[in-house]
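Examination of the molecular architecture
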Amino acid sequence: MIPSDITYTCVDRFLKYVRYDTQSSETSETYPSTLKQLVLGEELVKELLAMGLKDAEMDEFGYVMATIPATVDRPGIPVVGFIAHMDTSPEVSGENVKPVLHENYNGKDITLPADPTIVITVDDNPDLSGKIGETIITSDGTTLLGADNKSGIAEILDAAQHLITHPEIPHGVIRICITPDEEVGAGTKYFDVKKFGCQYAYTIDGEHLGSIENETFCADSMTITFKGVNIHPGFAKGKMVNSIKIAAAFIDSLPKGRLSPETTANMEGYVHPYVLNGGIEETTVKFLLRSFEVTELRDQEALLRELAEKVVADFPKASMTYKVEESYRNMRFVLDEHPAVLEVARLAMERMGITPHFGSIRGGTDGARLSYMGLPCPNIFAGEHSFHSKREWISVQDMHKAVQTIIAIAIIWAERA
Ligand SMILES: [Zn+2]
């Protein structure tokens, strides 16, 4: 039951959604952080209702949810959800986006029409070399595009449209959720996992065709406080201990050429000083600790503690205290307990002729947070590239394959029951 006859609506939807400015804000006190996100939310509810998803609604926080009813009634078919986010990054303007279609892409660098200094190069975007002959969508160069993550919304709604108009396709209950404020780290803040009612879910927010992201960092923060002795500088000889100088010596003792964000990639972790506050008496350094393994976080913590103690030993009467706080954990630890979630995504892609690639994210995701809220949720590709920039791009053909993947996931979950 492979859907070969899809009349795709995802591109038209996408071109419409990117025209809504849904930029979220880091500094806002409201939820969602910007009310303009709700304007797109209302439009999505309208479209879902028009499609026949009768329970489509947006809650007070801006979460849009809807149900595609089951076409088969067999016990054991789990309720499966698909999730995308409606906001765009605060880093680049999303106002007045003018999408540009580059048909029959020729494999060369793409210069954006409204600002010729903005060039999407094949060097920086190696995935482009696989897209010759396809249709690439970009912005005109004055704004971001918003493929992150409006492509995911368009693909989910396109798949929903296909499933609802093809009741002969066997699947269980499918749920949809479009969230606000993902880009400001608050996409799951008021996510009602119970109301969503799914056993498993997928965020459709990944980059490369075929990507299935099942790992995120484990993250802690560590605050190290150095205490010195303050006294009037005029009478300080032999008495003052300046904690600013202790902190400086400590920072200087950090490993060079490794274990930092600027010297690591792929599966390597790092320690990252990102805030420094101080005076003579007391200086505080805040660190991010990042690794894919909890044991490595403990090693990082031990290393920083040893370096700090060693420096303090050189300053008589100085002292050091520290505090470690847990931020989030690798989503793999949850997904390992539910291997079917990844297995179904892999099978769905293979059935559609897509080569799946498992990958990791050097950060956290909403799916990782949801996984720890009881909803195992890996991230699969939407096709969006170079996000949070004016050089964002997506291939129409990748979007179609994402729609196929969503439909195939729905079908395979029903087959397995
Ligand atoms: Zn995103």
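Residues numbered from 1 in each chain as written. Predicted model: local features only at pLDDT ≥ 70, side-chain atom pairs only at ≥ 80, totals over all residues.

Focus: the overall build of the chain
Helices and strands together make up the secondary structure of the chain, namely 10 helices and 17 strands. Taken along the three principal axes of its C-alpha coordinates, the chain extends 85 × 55 × 40 Å. Expressed as a percentage of the 417 residues in the chain, the buried residues total 46%. If you take every contact in the chain between residues at least 6 apart in sequence, the share linking residues at least 24 apart comes to 79%. (Helix = DSSP H or I, 4+ residues; strand = E, 2+ residues; numbered from the N terminus. Buried ≥ 20, exposed ≤ 12 C-beta atoms within 10 Å, placed from the backbone. Contact = placed C-beta atoms within 7 Å.)

Points about the domain arrangement of the chain
Partitioning the chain into structural domains gives domain 1 (10-216 + 330-416) and domain 2 (218-328). Placing the centre of domain 1 and that of domain 2 at their C-alpha centroids yields a distance of 39 Å. Each side of the interface is counted separately: domain 1 has 6 residues, and domain 2 has 5 residues. Partitioned by chemical class, the residues of the side of domain 1 that touches domain 2 number 1 nonpolar, 3 polar and 2 charged. (Domains from an automatic or database assignment. Nonpolar A, V, L, I, M, F, W, Y, C, P; charged D, E, K, R; others polar.)

Thoughts on the pairing of strand β12 (residues 270-278)
Pairing between β12 and strand β13 (residues 282-291): 8 bridges, direction antiparallel. The residue of β13 that forms the bridge with Val-271 is Leu-289. A loop of 3 residues connects β12 with β13, the two strands running antiparallel in sequence. (Pairing = 2+ DSSP bridges.)

Looking at the sheet that holds strand β3 (residues 80-85)
With mixed pairing, the 8 strands of this open sheet are ordered in space as β1-β2-β8-β3-β9-β16-β10-β15. Unpaired on one side and paired on the other, β1 (57-58) and β15 (357-361) mark the two borders of the sheet. Note: strand β9 (residues 200-206) against strand β16 (residues 379-381), 3 bridges, orientation parallel. When the bridges of β16 are listed, Ile-204 appears paired with Ile-380. Contacts from helix α10 (residues 396-416) reach β3, β8 (174-179), β9 and β16, with the element oriented near 155 degrees to β3. (Axes fitted to C-alpha atoms, helices over the stretch in contact; angles between N-to-C directions.)

Observations regarding the sheet that holds strand β17 (residues 393-395)
An order of β4-β7-β17 is seen for the 3 strands of this open sheet, with the pairing classed as antiparallel. Looking at which strands have only one partner, the edges of the open sheet turn out to be β4 (100-102) and β17. Along the sheet, successive strands turn relative to each other by an average axial angle of 25 degrees, direction set aside. Sheet analysis places β4 next to strand β7 (residues 136-138), joined by 3 bridges and oriented antiparallel. The partner of Val-100 across the bridge, within β7, is Thr-138. Against the sheet, α10 makes contact with β7 and β17, and its axis sits at roughly 65 degrees relative to β17, the strand it touches most.

Concerning the environment of Ile-178
Structurally, Ile-178 can be placed in strand β8. Exposure remark for Ile-178: the 27 C-beta atoms within 10 Å place this residue in the buried category. Once the C-alpha coordinates of Ile-178 and Asp-299 are considered, the two residues, 121 residues apart in sequence, prove to be 38 Å apart. Here Ile-178 is in contact with Gly-41, Leu-44, Val-64, Ala-84, His-85, Met-86 and Ile-153, once residues within four sequence places are set aside.

Quick notes on the packing of helix α5 (residues 243-252) against helix α6 (residues 294-313)
Relative to each other, α5 and α6 sit at 135 degrees, their axes nearing to 9 Å. If you check the angle between α5 and α6, you find them oblique. In this structure, α5 crosses over α6, and the sense of that crossing is right-handed. Residues Ile-246, Ala-249 and Phe-250 of α5 pack against Leu-307, Ala-308, Val-311 and Val-312 of α6. (Parallel < 35°, antiparallel > 145°, perpendicular 65-115°, else oblique. Left-handed = near helix turned anticlockwise from the far one by under 90°.)

With respect to the environment of Gly-41
Examined against the element boundaries, Gly-41 turns out to sit in helix α2 (residues 36-51). Taking C-alpha positions, Gly-41 is 7.9 Å from Ile-178, a pair spaced 137 residues apart along the chain.

Examining α5
The complete set of buried residues in α5 reads Ser-243, Ile-246, Ala-247 and Phe-250. Projected down its long axis, α5 shows its buried positions confined to an angular sector of 95 degrees, all on one face. Against β11 (218-227), β12, β13 and α6 lie the buried residues of α5. (Arc of directions from axis to C-beta.)

Description of unusual backbone geometry
That bond from Tyr-31 to Pro-32 is cis: its omega, -5 degrees, falls within 30 degrees of zero. Take Pro-32: it is sitting in the loop between α1 (10-17) and α2. In the segment running from Asp-148 into Asn-149, the intervening peptide bond is cis, with an omega of 15 degrees. The backbone of Leu-259 shows a phi angle near 60 degrees, a positive value even though the residue is not glycine. Position of Leu-259 relative to the elements: it lies in the loop between α5 and β12. Residue class for Leu-259 comes out partly exposed when judged on the 18 C-beta atoms lying within 10 Å of it. With a phi angle near 75 degrees, Lys-317 is a residue other than glycine that sits in the positive phi range.

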